[in-house]
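Remarks on the overall topology
These are the residues of each chain, in order.
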Amino acid sequence: MTTEYLAVASGSTVKSIFEKIKQIGNTLETVRTIFIVDKSNKLLGMEQLESMMFENEDEIIDNIMQKDFPYISPIADKEQAVPICEEYDIPVLAVVSKTGEMLGILAFDDVMDVLEEENTEDVLKQGAVNPTQTPYMETKIFRIARSYVVWLIILLLINTFTGIIVSRFESALLSLPILISFVPALNDSVGNSGSQTTSMVIRALTTEKLEKKSYFKIIMKEALTGLLTGLVIAAFNFGWVMIELNTPLLKVTEEMKNTLLIDLNFTNIQHGYMVIAAIVSTALFIGVFLSKLFAAILPLLAKLVHIDPATMSGPLVASLMDIMTLLIYFTIAMVVINSINPGLLAI
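Model, not experiment: these values are computed from the prediction. (Residues numbered from 1 in each chain as written. Predicted model: local features only at pLDDT ≥ 70, side-chain atom pairs only at ≥ 80, totals over all residues. Heavy atoms only, no water.)

Looking at the nonpolar core
Short version of the rule: In these notes, a set of buried Ala, Val, Leu, Ile, Met, Phe, Trp, Tyr and Cys residues joined through side-chain atoms within 4.5 Å is what counts as a nonpolar core. With a 1.4 Å probe rolled over the protein chains alone, any residue whose accessible area is under 20% of its type maximum counts as buried; one over 50% counts as exposed, and the rest are partly exposed. For helices the rule is a DSSP run of H or I covering at least 4 residues; for strands it is a run of E covering at least 2, with both sets numbered from the N terminus onward. Note on contacts: a residue pair is in contact if any heavy atoms of the two residues lie within 4.5 Å.
Counting residues in each nonpolar core, the largest one holds 48 residues, and the members touching the most others are Phe182, Leu245, Leu260, Ile276, Tyr329 and Phe330. Looking at this core, the elements that each hand over two or more residues are α6 (141–168), α7 (170–175), α8 (183–207), α9 (215–246), α10 (254–263), α11 (269–304) and α12 (314–340). With 13 residues, the single largest contributor to this core is α12. Apart from residues lying up to four places away in sequence, Leu260 is in contact with Leu176, Asn265, Phe266, Ile269, Gly272, Tyr273 and Ile276.

A few points about the sheet that holds strand β2 (residues 33–37)
Convention followed: Strand pairing is defined by DSSP finding a minimum of two bridges between the two strands. Whenever a helix is involved, its axis is fitted only over the stretch in contact; in every case the axis is a line through C-alpha atoms, and angles between N-to-C directions fall within 0 to 180 degrees.
The sheet built from three strands is open, its strands ordered β1-β2-β3 with mixed pairing. Every interior strand has two partners, whereas the edge strands, β1 (6–9) and β3 (43–48), have only one. Looking at each pair of strands side by side, their axes are set apart by 30° on average, direction ignored. Set on the sheet, helix α1 (residues 14–24) makes contact with β1 and β2; between it and β1 the angle comes to about 140°.

Points about the environment of Leu157
Counting through the fold element by element, Leu157 comes out in helix α6. As for Leu157 and Ser319, which are separated by 162 residues in sequence, their C-alpha atoms are 10.0 Å apart.

With respect to the packing of α9 against α11
Between two packed helices, both the angle of their axes relative to each other and the distance between the axes serve to describe the pair. So the rule is basically this: Here is the rule for angles: anything less than 35 degrees is roughly parallel, anything more than 145 is roughly antiparallel, 65 through 115 is roughly perpendicular, and the remaining ranges are oblique. In this scheme, a crossing is called left-handed if the near helix is turned counterclockwise away from the far one by less than a right angle; it is called right-handed if the turn is clockwise. Under the scheme applied, nonpolar residues are Ala, Val, Leu, Ile, Met, Phe, Trp, Tyr, Cys and Pro; charged residues are Asp, Glu, Lys and Arg; polar residues are all the others, including Gly.
It is at 7 Å that the axes of α9 and α11 come closest, and there the two elements cross at 155°. One way to sum up the angle between α9 and α11 is to call them roughly antiparallel. Crossing handedness for the pair α9 and α11: right-handed. Taken together, the residues of the contact of α9 with α11 break down into 27 nonpolar, eight polar and three charged.

Here we look at empty space enclosed by the protein
We apply this condition: Think of a 1 Å grid over the protein atoms and nothing else: a 1.4 Å probe that fits but is trapped marks a cavity, an open set flanked by protein within 12 Å on at least five of seven lines marks a pocket, and residues with an atom within 4 Å of a point count as lining. Grid points are joined across faces, edges and corners, and a volume is the space filled by probe spheres set on the points.
One pass over the structure, following the stated rule, counts one cavity of 30 Å³ or more. Taken as a whole, the largest cavity holds about 40 Å³ of empty space. Where the lining of the largest cavity is concerned, the elements lending two or more residues are α11 and α12. Among the elements that line the lining of the largest cavity, the one with the most residues is α11, at four residues. Its residues placed into classes, the lining of the largest cavity shows ten nonpolar, one polar and no charged.

Focus on the packing of α10 against α11
In the contact formed by α10 and α11, the axes pass within 9 Å of each other and the chain directions differ by 95°. Judged on the interaxial angle alone, α11 and α10 are roughly perpendicular. Between α10 and α11, the contacting residues are Met256, Lys257, Leu260 and Leu261 on the first element and Ile269, Gly272, Tyr273 and Ile276 on the second. Of the residues assigned to the contact of α10 with α11, the class counts are six nonpolar, one polar and one charged.

Digging into the environment of Arg32
Under the convention used in this document: The term polar contact refers here to a pair of N or O atoms within 3.5 Å; inside protein, the definition further demands a hydrogen-donor-capable atom paired with an acceptor-capable atom, and it admits residues adjacent in sequence only when both atoms are side-chain atoms.
Inspection of the secondary structure puts Arg32 in the loop between α1 and β2. Here Arg32 falls in the partly exposed class, since its relative accessible area comes to 43%. A C-alpha to C-alpha distance of 8.6 Å links Arg32 and Glu47, two positions 15 residues apart in sequence. The contact partners of Arg32, leaving out residues within four places of it in the chain, are Glu47, Gln48, Leu49, Glu50 and Pro91. Looking at Arg32, its side chain comes within polar contact range of the side chain of Glu50, at 3.3 Å.

Quick notes on the confidence of the model for the protein
Formally: You can read pLDDT as the predictor saying how much it trusts each residue, on a scale of 0 to 100.
When pLDDT is averaged along the protein, the result is 83, and 89% of the positions lie at 70 or above. When mean pLDDT is taken per element in the protein, α9 scores highest with 94 and helix α5 (residues 108–126) scores lowest with 66.

Here it is as structure tokens:
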């Protein structure tokens, strides 16, 4: 905030204001916006210099000033100035006390600094990094490491559940080891799908004035988007898995082929491949749909409980989606295998 602004008394003429600008204008932060105050320094209105240039020089400022004007409290968070300036498209914002007294202004440069700080903080949070108050090149190595470590430990603890799930479905993996080959692609695809939605929703919350009643609309939009995206990706994945199984891209052992032909009673190897492709693609479809649904809900939920939505970072969503994807994938695999040969799995 700066106190170097142009304030004129109520009742001043346009001519007198221009004379005042010539006298002291070069000592002020800006003269583009003129603030009109009464004898007790209470803000009555404001007017832009560009508009005044076309007014009669004998016109009283009170007759042409904007009486409906935006302002900000001196105790308000600086970030609140950004949406106000964007909405009203103004170069400066008045800082007014609870009693209406003019205290100073926030200039465009100040608002842009706040916006840059806010964007930097959001980018770091979405990358699962604790924001620091100093520029990167001035930040000490220990402080940078600390900003990384906290989130990495949280993500490590969350990802522990991935190992637990794999161990619980060991029988399915032993009967069809080829299933494990598709886990990285499934996890990455579903995780990336969730990160896409998280980025979109967080950006919307940051740049658009969204009311709480619009939250349900956002969730429904992402749910329908997830259905459509999931169908397209699953259809493509089915064909891609068939290509992988029928080419050297994946190593399919003779033991694996015997399991499909003998233990699972498929009449030919292609039928077995199609079942595997269907298992992977079904898991991918459900995973993409649920990832977009939950990735839309989490930032909105954070906003409702007054937590920065950027905290719902891409890595956090991806880790949660990994757990969900493995549960879906292995559950579908076990259901299919049990339906074909109930005695194959030792549960």
